[in-house]
Each structure stands twice: as C-alpha cells, then as structure tokens.
Amino acid sequence: MRFRAKIVDLACLNHFSRVVNTVARLAKTCTLRLTADKLYFILSDKVANGGISVWCELCQGNFFDEFQMEGVAAEHNEIYLELVPENLSRALKTAQNAKTVKIKLTNKHCPCLTVAVELPSLSSSSRIVTHDIPVGVIPRRLWNDFREPSVPDFDVSIYLPVLKTMKSVVERMKNLSNYIVIEANLCGEMNLKIETDLVSVTTHFRDLGNPPWASDDECQSSARGRDLESMAEARIDIKKLLQLLAGQQVNPTKALCNIVSRRIVHFILLHEDVSLQYFIPALA
C-alpha cells in the first residue's frame with residue numbers, strides 16, 4: 001500500500017487547503033478515501049443516531065501535479081485512512097506561500113500522512129518543514145461502512161439563497177432556539193422558522209428556483225406528484241446547520257437543498273472540482 005502526491009501550483013494548494021479547512025470544521029475525525037482519480041473525505045455518523053453525514057469528493061487531477069497510489073490489492077485499488085482533519089488543516093496552513101507540498105503515506109512508529117512543505121528561502125538551500133499526521137488504516141472488511149450515503153426520495157429540491165445571507169439569519173435565530181424548521185416548495189420558495197413558547201420568527205426567501213430534476217427525474221417519484229405550492233418541512237438542530245454555513249470556505253457555484261419531509265435535509269454544495277454533501281437528520 002503506497003501513496004504519494006505533490007502540489008506545486010499555489011492556487012491549487014490554497015484551494016485544497018480551503019476544502020480541508022471546511023471538512024475540519026464539520027468533523028472531528030473523518031475517513032480519507034484515496035482512489036486513482038479521486039479523494040474523498042467521509043463522515044458517516046449513523047443518521048439513525050441523530051448524527052450528521054458528510055461526503056466530500058475531489059478530482060485529484062485538479063489539485064495535484066503528481067499523484068501515485070497503490071491500493072490494498074490490484075482489484076481493490078483504494079486506501080481508506082482515518083484521520084483528524086484539523087491536523088491536516090494545520091499542516092497546510094504552514095504552506096501558504098510554499099514552493100511545493102508533498103504528501104506521503106509513511107510508517108513512523110505508526111502509519112502517518114507525512115506533509116513536507118518546501119518554503120522559499122533567501123539562500124540557495126531550501127527550508128523544508130515536515131508534519132507527521134498519525135492516521136489509522138481502515139481494513140478492507142470495513143470499507144462498506146463508508147459508501148456514499150444514499151439519498152432517499154426527496155419531496156422538494158431547491159437552490160439555496162446566498163449562503164452568507166442565510167448564515168446571518170440563522171446566527172440570529174440561534175440565540176432564540178436550538179431548533180430550526182426549514183421548509184420549501186416547488187415554486188422556489190423557502191422559509192426558515194423558529195417557534196418557541198415566547199417567540200415565533202420566520203424568514204422568507206422567494207424566487208430561488210428549483211433544480212431541473214425536481215420535476216422530471218423518474219426516480220424522484222415523491223416530488224413528481226406534489227402540489228407545487230405545498231411545503232415540505234424538516235425540523236433540525238440549528239447548530240448543525242450553522243456548522244455547515246459557518247465552516248463554508250469552498251464558495252460553491254451552486255448550492256442546493258433536498259428535503260425529505262420530517263426525515264432529513266440534504267445539502268449539496270458544488271464547486272467546479274469539489275462536491276460536498278451534508279446530511280442533517282430531522283428531529284421529531
């Protein structure tokens with residue numbers, strides 16, 4: 001099992017750093033899955049236990065100048081590592097104006113991701129800062145626990161408003177309640193609501209638009225027969241929503257939300273070479 005990769009381009013490095021930073025704000029530990037052409041950061045808290053799930057997918061060719069890996073076996077050419085994303089995020093922070101960054105799977109007392117950062121120096125010799133990040137190698141028999149979460153038939157799919165705007169609304173609501181209701185319909189309308197014994201506050205968003213699959217995708221049968229104006233809603237933990245909005249550093253070109261009434265809210269943030277999915281289970 002071998003892995004080594006190298007980033008030379010500073011823009012790619014900063015972009016990769018932002019993705020890792022975002023993941024670090026969403027998950028204390030996560031699984032890094034490496035395949036020949038993609039990297040995945042995966043957090044699969046069992047949604048049944050009220051946990052969130054994160055699935056972040058990157059095309060390695062858009063970030064790395066060199067990328068070599070040999071998986072566990074020829075027919076299973078993948079590597080699954082457990083790591084603390086904050087540690088990787090910290091290592092990359094030292095690389096903000098690096099000449100190159102090399103990442104390699106090594107064994108130093110325990111398996112590590114070794115990040116070697118070559119910094120520009122005034123003399124002819126270069127300075128290299130090395131970080132050894134301990135990782136756990138996840139055995140083949142457990143890989144099935146880290147498959148992409150399946151999206152149940154959603155009732156409504158809608159584009160999100162500007163995330164900064166949404167964040168400032170949710171931040172204010174957080175001071176009033178621990179829970180927030182997200183509701184949306186197929187007319188491009190979405191409401192964020194909190195209701196307590198003392199106060200009820202609703203913020204309305206209009207003309208957001210619904211993704212094309214909301215109406216014509218064969219598999220989304222539940223959305224197809226819906227009255228366009230009827231609202232699908234889910235009540236979720238406001239902190240988990242804020243974690244996504246506050247941790248967001250990828251600046252997605254598209255952000256959407258799928259609601260399965262009273263079951264789950266599924267967010268998808270898309271940037272040309274990164275997709276981040278975030279699942280928050282609904283509360284009774």
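Keep in mind the model is a prediction, meaning the values are calculated, not measured.

Looking at this structure, I do not really get helix 3 (residues 163-174). What am I missing?
An α-helix turns once per 3.6 residues; consequently, residues spaced three or four apart project the same way. With 12 residues, helix 3 should cover 16 Å at 1.5 Å per step; its first-to-last C-alpha distance of 16 Å lies within 8% of that length. Three or more residues of helix 3 are buried, namely Leu163, Met166, Val169, Val170 and Met173. In a view along the axis of helix 3, the buried residues occupy a sector of 125°, so they form one face of it. More than 90 degrees from the buried face of helix 3, the exposed residues found are Lys164 and Arg172. In the core, the buried residues of helix 3 are packed alongside strand 12 (179-184), strand 13 (190-195), strand 14 (200-205), helix 6 (238-246), strand 16 (254-260) and strand 17 (264-271).

It is not clear to me how the domain arrangement of the chain should be interpreted in this structure. Could you clarify?
Accessible area lost when the parts come together is the quantity often used to give the size of an interface. Taken as a whole, the chain is organised into domain 1 (2-145) and domain 2 (156-218 + 226-255). Placing the centre of domain 1 and that of domain 2 at their C-alpha centroids yields a distance of 31 Å. The partner domain 2 presents 8 residues to the 9 residues of domain 1 that form the contact. Each partner contributes to the roughly 790 Å² buried at the junction of domain 1 and domain 2, and carbon and sulfur atoms together form 52% of this total. Run the count over domain 1 and domain 2 and you get 0 salt bridges. Inspection of the region where domain 1 meets domain 2 yields 2 residue pairs in polar contact (both at pLDDT 80 or more). Considering only residue class, the side of domain 1 that touches domain 2 consists of 3 nonpolar, 4 polar and 2 charged.

About the thresholds
- Residues numbered from 1 in each chain as written.
- Predicted model: local features only at pLDDT ≥ 70, side-chain atom pairs only at ≥ 80, totals over all residues.
- Heavy atoms only, no water.
- Helix = DSSP H or I, 4+ residues; strand = E, 2+ residues; numbered from the N terminus.
- Expected span 1.5 Å × (residues − 1).
- Buried < 20%, exposed > 50% of the residue type's maximum accessible area, 1.4 Å probe, protein only.
- Arc of directions from axis to C-beta.
- Contact = heavy atoms within 4.5 Å.
- Domains from an automatic or database assignment.
- Buried area = accessible area lost by both parts, 1.4 Å probe.
- Salt bridge = Lys/Arg side-chain N within 4 Å of Asp/Glu carboxyl O.
- Polar contact = N/O pair within 3.5 Å; in protein donor to acceptor, adjacent residues only side chain to side chain.
- Nonpolar A, V, L, I, M, F, W, Y, C, P; charged D, E, K, R; others polar.

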